[in-house]
Amino acid sequence: MTGGQVAGLIAAVAFLILVIFIGIFLMRMTKTLGEVNKSVKTLTGDVDVLSHQAENLMANANELLEDVGEKSAKVDPVFQAAGDLGQSVSDLNEATRKLTDRVSGSHKGNRGNSLLTKIGATAFGLYLNRHKKQN
């Protein structure tokens, strides 16, 4: 064997080792890519399920929101009536105070009138007694 043949043999062996390592590497890459494809398929299925569940959740939330809106609209007149009732009670209290003040004022005036009536009756009684004594 000459030096060129030995060099060629070494190059051929090196090339064979390189091809074997590239083959092993490609086999491992194929296996890894296969597992990646399985994972992507699994994730895609899970995302589809989550998307469907999210759509259902949103539909239920919209129905609930509409229901709350309708019930709130039904309750609004009750609160309006309660507010009106409070205003009516306030007006009634004010009217009662005014009436009480008027009655109290009339009573004070009546007290004076009553006193004048008693004085008049006493004076008339004295006048009648004098008139009887003179006759």
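Residues numbered from 1 in each chain as written. Predicted model: local features only at pLDDT ≥ 70, side-chain atom pairs only at ≥ 80, totals over all residues. Heavy atoms only, no water.

J.: Explain the overall build of the protein chain to me, please; I cannot follow it from the model alone.
T.: When its secondary structure is counted, the protein chain shows one helix and zero strands. Relative to its length of 135 residues, the protein chain is extended, with a C-alpha radius of gyration of 56 Å against a globular reference of 14 Å. Projected onto its principal axes, the C-alpha coordinates of the protein chain cover approximately 190 × 30 × 10 Å. Across the 135 residues of the protein chain, 0% fall into the buried class. Computed over 15 positive and 13 negative side-chain charges, the inter-centroid distance for the protein chain is 27 Å. (Helix = DSSP H or I, 4+ residues; strand = E, 2+ residues; numbered from the N terminus. Rg over C-alpha atoms; globule rule 2.2 N^0.38 Å. Buried < 20%, exposed > 50% of the residue type's maximum accessible area, 1.4 Å probe, protein only. Lys, Arg positive; Asp, Glu negative; His and termini not counted. Charge placed at Lys NZ, Arg CZ, Asp CG, Glu CD.)

J.: Sorry if this is basic, but what is going on with the pattern of salt bridges here?
T.: In a structure, side chains of opposite charge can pair up when their charged atoms sit close to one another. For the structure shown, the criterion picks out two salt bridges. E94 is the salt-bridge partner of K98, the closest N and O atoms lying 3.6 Å from each other. With a gap of four residues between them, K98 and E94 both fall in helix α1 (residues 3-134), about one helical turn apart. Residue E94 is classed as partly exposed on the basis of its relative accessible area, which comes to 40%. (Salt bridge = Lys/Arg side-chain N within 4 Å of Asp/Glu carboxyl O.)

Bear in mind that shape data such as this cannot, by itself, settle questions of function.
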